[in-house]
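# Secondary and tertiary structure notes
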Amino acid sequence: MPSLGWLLALSLAALAGKKFLFILTDVCYLPSTAANTTLQLQEIRERMLPLNINAYIIPGTDAHLSEYIARRDARMAFMTGFTGSAGTAVVTQTKAALWTDSRYWVQAEREMDCNWELEKDVSIMSVAEWLIAEVPPGGHIGFDPFLFSLKTQEDYSFSLEASNRSLKSIPGNLVDQVWDSRPPIAPDNLTRLPDRVIQRSWEMKVKQIRIQMRDNPYQPTALLLSALDETAWLFNLRGNDIPYNPFFYSYTLLTMDKIWLFLHTDRVTEELKVYLNASCDGSFCVQLKSYDAVRDDLKTYVAQPGVKVWIGTEYTNYALYEIITPEDKLMTTSYSPVLTTKAIKDDTEQRILREAHVRDAVAVIQLLMWLEKAVPEGKETELTAAEYINMCRGKQKDSRGPSFETISASGPNAALAHYSPTEETSRRLTPDEMYLIDSGAVLSCLASQEAFTRVLMGNIEISRTIFPSGTRGVNMEMLGRRALWEVGLNYGHGTGHGVGNYFGVHEWPVGFQSNNIPFRTGMFTSIEPGYYKENDFGIRIEDVAVIVPVQTKYGHNFLTFDTVSLVPYDRKLIDTSLLSSEQLQWLNKYYEMIRRLVGPELDRQELHEAKDWMLRHTEPFAASGSSASVCSSSLTLIALAVALLHII
């Protein structure tokens with residue numbers, strides 16, 4: 001929680017009597033990196049009064065329950081000043097509090113003024129307990145139903161109603177009402193993917209999903225798609241509504257003979273109308289509807305006899321869920337068949353992702369060479385380094401820009417897992433402290449060497465694991481932490497997530513969390529253990545891998561991870577005495593693969609100096625038993641082998 005400042009004012013009351021008056025005044029402490037939120041809090045509290053609500057919940061998401069959101073949907077950031085990608089804010093008439101996870105605690109303390117309390121938790125139970133303490137019995141807690149999932153609403157209701165506090169759905173978002181400068185929707189038109197990168201047309205995908213609807217024993221008559229990447233994938237369309245993610249505001253209602261696409265229709269060109277067969281009324285003709293009409297049109301459909309709507313509860317908001325009544329007209333699964341189908345990449349998607357990682361390795365190698373030369377000169381900053389890697393990646397074939405805001409952090413800033421520099425916070429890079437960027441880091445101390453090696457050991461242990469098809473990531477997640485646990489270290493974020501093909505950097509439902517689906521052949525995931533020492537340094541080794549079949553001595557239906565990221569880890573930071581023989585063998589085979597795949601691409605681009613650099617940094621390691629090198633005061637680079645491009 002930001003500390004509370006006090007102003008002690010001394011005034012001379014009467015010179016003759018030598019009397020002094022001391023006035024102690026409560027003043028809100030406002031650090032230079034924090035936003036002053038007094039005005040918006042005052043205005044939202046005024047709007048809460050006539051609604052008879054004692055508190056108002058402000059989630060950090062949008063109507064599609066997206067992880068990454070447009071600036072116009074950043075209501076939590078506008079109210080709190082906190083710009084992290086995860087959190088929940090709550091406002092009462094006298095208090096305001098923010099809940100977020102350990103990745104963002106330091107960032108939140110920097111960005112919030114003393115109007116706000118920081119709660120170092122993310123559970124709904126924690127929020128509910130705080131509300132029970134602050135809201136009197138019989139009180140009401142307001143929320144926007146478009147920003148709540150079904151489970152979120154159920155969890156709050158269960159926790160609150162037992163204590164005689166209840167949720168109250170508020171039809172118009174209160175933050176929007178006080179946000180005078182809220183950004184408008186971008187006017188950009190939608191685009192279709194070129195045929196050369198598509199193996200399945202949108203008609204083929206619709207047919208594939210309809211077969212799953214037909215074969216489902218619960219016999220749904222319609223499928224509602226709410227997640228933005230669902231509609232984008234189904235129709236092979238892309239947009240620009242979400243920064244760094246090629247999505248557009250949309251919903252889809254698919255039946256066995258109708259397709260309704262809800263979007264901002266003025267952004268659909270005549271060419272796209274032809275592409276979508278928008279002028280006909282058959283089973284493969286897309287009816288274009290206004291984005292804001294989805295609730296009313298869904299209500300009309302549900303009113304018909306004999307219908308049943310299939311929804312994925314993870315991404316359907318409560319405002320749409322609550323109108324699908326009675327219960328026998330509703331069918332639920334955690335994820336829609338579109339998300340589970342999309343998770344398994346077809347041959348074309350796999351080829352494109354593999355080729356993209358080869359090209360991205362070229363860009364990252366150029367960055368590492370540049371850092372090795374430029375940082376000792378003392379002229380470069382976090383911002384200039386971020387600009388350089390984006391420039392290198394932008395020169396590669398089919399690059400569409402970064403898929404998230406560049407993480408470029410030195411020294412204490414590197415302890416923030418998702419820190420991005422600004423003109424005000426950017427630090428100068430020096431050879432004597434850690435530097436962390438998307439795909440690289442700079443360290444120069446032995447303590448950091450052990451931490452890095454143990455993070456690498458966790459990465460390797462997951463990458464080399466062989467497991468039965470259908471195994472869930474959560475059942476092997478601890479392999480990424482075991483080497484850290486052995487010396488009392490840990491990290492506070494997930495160990496991996498799905499990766500899309502010209503989609504978001506985080507693609508659900510693949511990954512290592514309890515609510516992710518089982519691994520199958522053709523799925524792509526990141527593998528990203530880490531370690532962060534507050535106010536000192538941060539390490540994250542993030543690879544991307546595809547799940548592939550593997551031959552074993554006895555079993556036939558087994559899988560493993562095939563790493564597609566192709567950037568070497570810096571040997572100066574690898575203490576091979578800590579590695580097992582199996583881990584060292586895996587590492588040397590990985591370096592052989594980098595040479596085999598990246599070398600020809602460097603030759604093709606005539607980057608001879610970069611190839612020499614790559615060959616030096618992929619020399620095989622000697623047998624385990626001694627440290628590969630010792631950290632010194634010279635600059636040390638660490639490649640974190642991750643390709644995070646927008647690719648088509």
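Residues numbered from 1 in each chain as written. Predicted model: local features only at pLDDT ≥ 70, side-chain atom pairs only at ≥ 80, totals over all residues. Heavy atoms only, no water.

The name given to the protein in an unreviewed UniProt entry is X-prolyl aminopeptidase (aminopeptidase P) 2, membrane-bound, and the organism recorded there is Scophthalmus maximus. The record held by UniProt for the protein lists under Cofactor (unreviewed entry) the comment "Mn(2+)". (UniProt positions renumbered as here; feature names shortened; annotations may be inferred.)

### Topic: the packing of aromatic side chains
Considering all chains together, one arrives at 22 aromatic pairs under this definition. Between the aromatic rings of Phe148 and Tyr156, the centroid separation amounts to 5.4 Å while the plane-to-plane angle is 25°, which identifies the pairing as stacked. Given a relative accessible area of 1%, Phe148 falls into the buried group. Tyr156 gets classed as buried once you look at its relative accessible area, which sits at 2%. Taken together, Phe143, Phe148, Tyr156, Tyr318 and Tyr321 form an aromatic cluster joined through their ring pairs. We note Lys205 situated over the ring of Trp233; from NZ or CZ to the ring centre the distance is 4.2 Å. Over the ring of Tyr491 we find Arg481, and its NZ or CZ is 3.9 Å from the ring centre. (Phe/Tyr/Trp six-rings, centres within 6.5 Å; stacked < 30°, edge-to-face > 60°. Buried < 20%, exposed > 50% of the residue type's maximum accessible area, 1.4 Å probe, protein only. Lys NZ or Arg CZ within 6 Å of the ring centre and 35° of its normal.)

### Some words on the state of the cysteines
Each disulfide consists of a covalent bond between the sulfur atoms of two cysteine residues. Under the counting rule described, the total for this entry stands at one disulfide. Between the sulfur atoms of Cys280 and its disulfide partner Cys285 the distance amounts to 1.7 Å. Of note, the bridge from Cys280 to Cys285 carries an S-S torsion of about -105° and is left-handed in sense. Using a relative accessible area of 8% as the deciding quantity, one classes Cys285 as buried. (Disulfide = S-S within 2.5 Å.)

### Focus on the packing of helix H17 (residues 581-604) against helix H18 (residues 608-617)
The geometry of H17 relative to H18 is characterised by a closest axis approach of 10 Å and an angle of 175° between their N-to-C directions. One way to sum up the angle between H17 and H18 is to call them roughly antiparallel. Across from Tyr591, Ile594, Arg595, Val598, Gly599, Leu602 and Asp603 in H17, the residues of H18 making contact are Ala610, Lys611, Met614, Leu615 and His617. Classifying every residue of the contact of H17 with H18 by side-chain character gives seven nonpolar, two polar and three charged. (Axes fitted to C-alpha atoms, helices over the stretch in contact; angles between N-to-C directions. Helix = DSSP H or I, 4+ residues; strand = E, 2+ residues; numbered from the N terminus. Parallel < 35°, antiparallel > 145°, perpendicular 65-115°, else oblique. Contact = heavy atoms within 4.5 Å. Nonpolar A, V, L, I, M, F, W, Y, C, P; charged D, E, K, R; others polar.)

### Regarding helix H4 (residues 124-134)
Along H4, the residues classified as buried are Ser126, Val127, Ala128, Trp130 and Leu131. Packing partners of the buried residues in H4 comprise strand E3 (55-59), strand E4 (88-92), strand E5 (96-99), strand E6 (117-119), strand E7 (140-143) and helix H5 (150-161).

### Structural notes on unusual backbone geometry
Of the consecutive residues Thr325 and Pro326, the connecting peptide bond is found in the cis state with omega at -5°. Counting through the fold element by element, Pro326 comes out in the loop between helix H11 (318-321) and strand E16 (330-333). A cis geometry characterises the amide bond from Trp508 onward to Pro509, with omega recorded as 10°. With respect to the secondary-structure elements, Pro509 resides in strand E23 (residues 507-511). For Asn236, which is not glycine, the phi torsion reads 55° and is therefore positive. By secondary structure assignment, the location of Asn236 is in the loop between helix H8 (228-235) and strand E11 (237-238). Under the relative-accessibility criterion, Asn236 is labelled buried at 3%. Backbone geometry places Glu606, a non-glycine residue, at a positive phi of 55°. By the secondary structure assignment, Glu606 is in the loop between H17 and H18.

### What to know about the sheet that holds strand E8 (residues 166-169)
Read across the sheet, six strands follow the order E6-E5-E4-E3-E7-E8 without closing on themselves; strand pairing throughout is mixed. Each of the sheet's edge strands pairs with one partner strand only, and the pair in question is E6 and E8. Across this sheet, the average inter-strand angle for adjacent strands is 25°, counted without regard to direction. In the sheet, E7 pairs with E8 via four bridges, with the strands oriented parallel. Paired with Ile141 across the strands is Leu167, a residue of E8. Of the strands in this sheet, E3, E4 and E5 are in contact with helix H1 (residues 38-48), which crosses E4 at around 65°. (Pairing = 2+ DSSP bridges.)

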